[in-house]
Structure formats: structure tokens, C-alpha cells
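Here's the letter readout for the chains.
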Amino acid sequence: MAKWRKETKDATYEVDEIEQRLKDELPNWYYEDGWFRRRY
């Protein structure tokens, strides 16, 4: 998980980084229209 940590507290993730992290760590979740969503 430390590999995802940004260098500063103000750094933000790009959309592709968010999608990849969700795919790797939370496969039932996805990012859509600025929202995190979950498939049940």
C-alpha cells in the first residue's frame, strides 16, 4: 500500500491511478463521474 502514497499531503491522484488502485485493492468498486461506486 505504501507504493500508492504520494510525496506530499497536497498531491492528488489522476483518474487512471484511481482506477488502477481500485482494481488492485477493491475490485467491486469503481470510479464514475467523480464518485466512488460499488457493485453488489
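Residues numbered from 1 in each chain as written. Predicted model: local features only at pLDDT ≥ 70, side-chain atom pairs only at ≥ 80, totals over all residues. Heavy atoms only, no water.

1. A look at the pattern of salt bridges
Then, number 1: Enumeration over the complete set of coordinates arrives at three salt bridges.
Then, number 2: Here Lys6 ties to Glu17 by a salt bridge, and the two come within 3.0 Å at their closest N and O atoms. With Lys6 in the segment before helix 1 (15–25) and Glu17 in helix 1, this residue pair connects regions lying 11 residues apart in the sequence.
Then, number 3: Of the residues examined, Lys6 reaches a relative accessible area of 26% and is grouped as partly exposed.
Then, number 4: On the accessibility criterion, Glu17 (25% relative accessible area) is partly exposed.
Then, number 5: Across the pair Glu32 and Arg37 runs a salt bridge whose closest N-O atoms are separated by 3.1 Å.
Then, number 6: Its relative accessible area of 34% is what places Glu32 among the partly exposed residues.
Then, number 7: For Arg37, a relative accessible area of 31% corresponds to the partly exposed category. (Salt bridge = Lys/Arg side-chain N within 4 Å of Asp/Glu carboxyl O. Helix = DSSP H or I, 4+ residues; strand = E, 2+ residues; numbered from the N terminus. Buried < 20%, exposed > 50% of the residue type's maximum accessible area, 1.4 Å probe, protein only.)

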